[in-house]
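Chain by chain, the residues run as shown.
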Amino acid sequence: ILNVEQSPQSLHVQEGDSTNFTCSFPSSNFYALHWYRWETAKSPEALFVMTLNGDEKKKGRISATLNTKEGYSYLYIKGSQPEDSATYLCAFDRDRQTGANNLFFGTGTRLTVIP
Amino acid sequence: DAGVTQSPTHLIKTRGQQVTLRCSPKSGHDTVSWYQQALGQGPQFIFQYYEEEERQRGNFPDRFSGHQFPNYSSELNVNALLLGDSALYLCASSLLGSEQYFGPGTRLTVT
């Protein structure tokens, strides 16, 4: 069984605070690491697809980094806003040589931004 | 352009019954994957359909079966429902091997 872990499970921050979460994954058979933002009763929304060691991606106030050698990725949110409240999921995508392209998800980090 | 749609939104069934969940992929996509998210867990891969065939399967019993139609839409069937099958079922569509786009899910409650 392939293990993807996210921490923390949940956190509450004040509006304006910056925060970050961690996703750890296997360092072998790596193809890509996906970050999703998931609001209650909506579809998970893709934030980033990261493929190269050292990748850094940014979308507005949200950014992510990737270390495939040690098997971790960080998601950062700068100046959190109430609309950032959601569950943030990471998903490990295996090397296509395995013949597979299903995703292995962590349990998510539930962020609540307090106005 | 409609994204991935799933029906129904919610469903309540009794143990031992059978259920069918439906998924319409994003326009242009040819591959459909199904995931189960039980309470407190991340989504877990059930299976993937491409060209109307099951291409990959996760660690789920044979009670879980599926189908893909010529228009690429898909169904997930679960027979002999157990209480432990209560979960959110997510459908994702993609072009084969490419990024997956998710629907909002079907919440199944087994009583």
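Residues numbered from 1 in each chain as written. Chains lettered and ligands numbered in written order. Predicted model: local features only at pLDDT ≥ 70, side-chain atom pairs only at ≥ 80, totals over all residues. Heavy atoms only, no water.

Description of the overall build of chain A
Spelled out, the test is: Secondary structure elements follow DSSP: runs of H or I of four or more residues count as helices, runs of E of two or more count as strands, with numbering from the N terminus. Throughout, radius of gyration means the C-alpha value; the globule benchmark is 2.2 Å times the number of residues raised to the power 0.38.
What chain A contains, in helices and strands, is 0 helices and 11 strands. From first element to last, N terminus to C terminus, chain A shows the α and β order β-β-β-β-β-β-β-β-β-β-β. For 115 residues, the compact-globule formula gives about 13 Å, and the C-alpha radius of gyration of chain A, at 14 Å, lands near that figure. In terms of principal-axis extent, the alpha carbons of chain A reach across some 45 × 30 × 20 Å.

Description of the pairing of strand β11 (residues 109-114) of chain A
Residues and elements named next belong to chain A. This is how the line gets drawn: The rule is simple: take the accessible area with a 1.4 Å probe, protein chains only, and divide by the maximum for that residue type; under 20% is buried, over 50% is exposed, in between is partly exposed. Two strands qualify as a pair provided that DSSP identifies no fewer than 2 bridges between them.
A one-sided burial pattern is seen for β11, the buried positions being Thr109, Leu111 and Val113 and the unburied ones Arg110, Thr112 and Ile114. In the sheet, strand β9 (residues 86-94) pairs with β11 via 3 bridges, with the strands oriented antiparallel. In the strand pairing of β11, Ala86 is matched with Leu111.

Quick look at the interface of chain A and chain B
Selection rule: Residues are treated as being in contact if the distance between any of their heavy atoms lies within 4.5 Å. Two parts placed together each lose some accessible area under a 1.4 Å probe, and adding up what both lose gives the buried area. Just to be clear on terms, a salt bridge is a Lys or Arg side-chain nitrogen sitting within 4 Å of an Asp or Glu carboxyl oxygen.
Chain A puts 18 residues into the contact, and the matching count from chain B is 19 residues. Where chain A abuts chain B, roughly 1,500 Å² becomes buried across the two surfaces, and 53% of that area is made up of carbon and sulfur atoms. There are 0 salt bridges connecting chain A and chain B. If you list the elements that add at least two residues to the side of chain A that touches chain B, you get β4 (30-38), β5 (45-50) and β10 (103-105) of chain A.

Topic: the sheet that holds strand β7 (residues 64-68) of chain B
In a beta sheet, neighbouring strands are held together by backbone hydrogen bonds and run either parallel or antiparallel to one another. Residues and elements named next belong to chain B. Going by this rule: Fitted lines through C-alpha atoms serve as axes, helices being fitted only where they are in contact, and the angles separating the N-to-C directions of these axes extend from 0 to 180 degrees.
Taken in spatial order, the 4 strands make up an open sheet running β1-β3-β8-β7, and their pairing is antiparallel. Looking at strand neighbours, the two that pair on one side only are β1 (5-7) and β7, the edges of this open sheet. Sheet twist, expressed as the mean angle between neighbouring strand axes with direction ignored, is 20°. Examined bridge by bridge, β1 and strand β3 (residues 19-24) share 3 bridges and lie antiparallel to one another. Bridging from a neighbouring strand, Ser7 pairs with Arg22 of β3.

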